[in-house]
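Overview (structure and organization)
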Amino acid sequence: MRILLTGRNGQVGYELERVLSVLGEVLATDRSGLDLAVPDAIRRVVREAKPDLIVNAGAYTAVDRAESEPDTAMRVNAVAPGILAEEARRHGALLVHFSTDYVFDGTQGSPYAESDAPNPLNVYGKTKLEGERRLAASGCRHLLLRTSWVYAARGKNFFLTIARKALAGEPLRVVSDQHGVPTEARFLAENAIALLQRGEEGTFHVVPSGATTWYGFASAIVSQLDSTSAVQAIRSDEYPTPARRPRYSVLDHAKLSKSIGTPPPWDALLDRCVRSWTPA
Ligand SMILES: NC(=O)c1ccc[n+]([C@@H]2O[C@H](COP(=O)([O-])OP(=O)(O)OC[C@H]3O[C@@H](n4cnc5c(N)ncnc54)[C@H](OP(=O)(O)O)[C@@H]3O)[C@@H](O)[C@H]2O)c1
């Protein structure tokens with residue numbers, strides 16, 4: 001099988017490149033090999049690669065910056081997946097695409113199932129939802145994986161920010177009124193492969209078991225690193241950001257569990273990530 005991967009340097013793309021080879025020959029691209037903001041480049045690369053499987057791990061993920069760069073976010077998060085989907089349909093390829101808990105507004109108060117109605121609060125969420133809609137409208141065979149609060153031992157993410165401050169013994173102030181599920185990038189990549197191996201298609205929420213707040217996530221990082229940093233819980237309005245975020249964006253993983261088994265708890269995966277991390 002020929003596999004075209006985008007976003008190979010991202011948190012999820014990096015992990016995917018390592019596990020996709022069990023399925024076939026991987027052509028992994030970064031921004032220089034395939035700029036997702038350039039529609040003709042997408043068509044050209046797909047037509048040259050003639051993939052059986054396209055895995056789109058590239059995305060515009062700067063949630064706050066998207067508020068002031070909506071056009072770029074739209075090109076990468078909505079127009080690009082739409083073109084990949086058209087090309088996938090044309091070539092009979094399967095498209096794996098990723099989306100976010102931020103398509104939901106957080107008012108439901110219980111975990112969001114795949115069938116729950118989205119209503120994004122910020123530009124990033126709106127562009128990701130538009131990407132989902134273009135994917136569905138194309139009629140291509142697809143696997144759409146929604147996830148949340150992605151982190152890894154490399155890249156730029158909440159885990160690394162907190163871990164570095166914790167090792168320096170710095171005090172931390174972290175919001176405690178936003179609920180979600182921290183998701184290790186490697187867990188997401190491994191579950192994408194497992195779903196592909198089972199022949200699944202359609203939409204799945206791919207997150208570990210359990211849920212927490214950013215404060216709970218930070219406290220767990222501090223505790224696993226045996227840091228002496230004090231972690232203070234604050235409200236979202238004490239930490240203003242350009243983008244509004246949902247107060248409760250826990251994704252329900254029942255459909256995932258039914259297909260490949262109950263996922264491990266989020267903090268067990270955090271432990272794995274901490275153990276794999278070498279502080280610079
Ligand atoms: N991060 C999260 O918390 C989170 C939460 C929910 C869902 N997701 C979704 O999960 C997927 C993977 O996210 P991630 O966490 O791995 O994101 P990430 O670490 O920010 O990686 C995104 C990758 O996309 C690439 N990219 C951005 N613009 C591009 C362009 N114009 N052309 C080609 N490549 C481009 C980036 O390249 P450069 O390295 O050159 O910038 C980067 O390698 C995305 O669909 C994201 O929306 C992420």
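Because the structure is a prediction, the values reported are computed rather than measured.

Check the secondary structure of the protein and you find nine helices and 12 strands. In terms of overall size, the protein behaves like a compact globule, its C-alpha atoms giving a radius of gyration of 18 Å where 280 residues would be expected to give roughly 19 Å. Taking the principal axes of the C-alpha coordinates as reference, the protein spans close to 55 × 40 × 35 Å. Looking at the protein as a whole, 53% of its 280 residues qualify as buried. Across the protein, every contact between residues at least 6 apart in sequence was considered, and the portion connecting residues at least 24 apart equals 79%. Of the roughly 12300 Å² of accessible surface on the protein, a fraction of 47% belongs to carbon and sulfur atoms. Taken together, the 33 basic and 32 acidic charged side chains of the protein have centroids lying 3 Å from each other.

Around the ligand sit 23 residues, and of these R31, L36, T61, Y124 and K128 come closest. Contacts to the ligand include Q11, whose backbone N or O atom sits 3.0 Å from an oxygen atom. Separating an oxygen atom of the ligand from a backbone N or O atom of V12 is a distance of 2.9 Å. In the complex, 81% of the free accessible area of the ligand, which totals 890 Å², lies under the protein chains. Elements with a minimum of two residues in the shell around the ligand: α1 (11-20), β4 (94-100) and α4 (123-138). Top contributing element to the shell around the ligand by residue count: β4, with three residues. Grouping the amino acids of the shell around the ligand by side-chain chemistry returns 11 nonpolar, nine polar and three charged.

A few words now on the sheet that holds strand β3 (residues 53-56). Pairing within the open sheet is parallel, and its six strands lie in the order β2-β1-β3-β4-β5-β10. The two strands at the open ends of the sheet, each matched to only one other strand, are β2 (25-28) and β10 (202-205). With strand direction ignored, the average angle separating the axes of adjacent strands in the sheet is 20 degrees. Helix-sheet contacts for α1 involve β1 (2-6), β2, β3 and β4, and the interaxial angle to β1 is about 165 degrees. Sheet strands touched by helix α3 (residues 70-91): β3 and β4. Its angle to β4, the strand with the most contacts, is close to 160 degrees.

So, on to unusual backbone geometry. In this structure, K50 takes a positive phi of about 45 degrees despite not being glycine. Secondary-structure assignment places K50 in the loop between α2 (39-49) and β3.

Let us look at the packing of α3 against α4. Look at α3 against α4: their axes get within 8 Å of each other, and the N-to-C directions meet at 15 degrees. Relative to α4, α3 is oriented roughly parallel. Between α3 and α4 lies a crossing of right-handed hand. Only V123, Y124, T127, K128, E130, G131, R134, L135 and S138 of α4 make contact with α3, whose side of the interface consists of P70, A73, M74, N77, A78, V79, P81, G82, A85, E86 and R89. A per-class count over the contact of α3 with α4 returns 10 nonpolar, five polar and five charged.

Turning next to the packing of helix α5 (residues 158-167) against helix α7 (residues 214-224). The N-to-C vectors of α5 and α7 enclose an angle of 50 degrees; their axes lie 9 Å apart at closest approach. Of the possible angle classes, the one that applies to α5 and α7 is oblique. As α5 packs across α7, the resulting crossing turns out to be right-handed. For the pair α5 and α7, the contacting residues are F158, F159, I162, A163 and A166 in the first and W214, F217, A218, I221 and V222 in the second. Residues belonging to the contact of α5 with α7 are distributed by class as follows: 10 nonpolar, no polar and no charged.

Now for helix α9 (residues 266-276). Turning to α9, its buried residues number three or more, namely W266, L269, L270, R272, C273 and V274. The secondary structure elements touched by the buried residues of α9 are β6 (150-151), α5, β9 (183-184), α6 (185-197), β11 (212-213) and α7.

Procedures and definitions
- Residues numbered from 1 in each chain as written.
- Predicted model: local features only at pLDDT ≥ 70, side-chain atom pairs only at ≥ 80, totals over all residues.
- Heavy atoms only, no water.
- Helix = DSSP H or I, 4+ residues; strand = E, 2+ residues; numbered from the N terminus.
- Rg over C-alpha atoms; globule rule 2.2 N^0.38 Å.
- Buried < 20%, exposed > 50% of the residue type's maximum accessible area, 1.4 Å probe, protein only.
- Contact = heavy atoms within 4.5 Å.
- Areas by Shrake-Rupley, 256 points an atom, 1.4 Å probe, with all protein chains shown as cover.
- Lys, Arg positive; Asp, Glu negative; His and termini not counted.
- Charge placed at Lys NZ, Arg CZ, Asp CG, Glu CD.
- Near = heavy atom within 4 Å.
- Polar contact = N/O pair within 3.5 Å; in protein donor to acceptor, adjacent residues only side chain to side chain.
- Nonpolar A, V, L, I, M, F, W, Y, C, P; charged D, E, K, R; others polar.
- Pairing = 2+ DSSP bridges.
- Axes fitted to C-alpha atoms, helices over the stretch in contact; angles between N-to-C directions.
- Parallel < 35°, antiparallel > 145°, perpendicular 65-115°, else oblique.
- Left-handed = near helix turned anticlockwise from the far one by under 90°.

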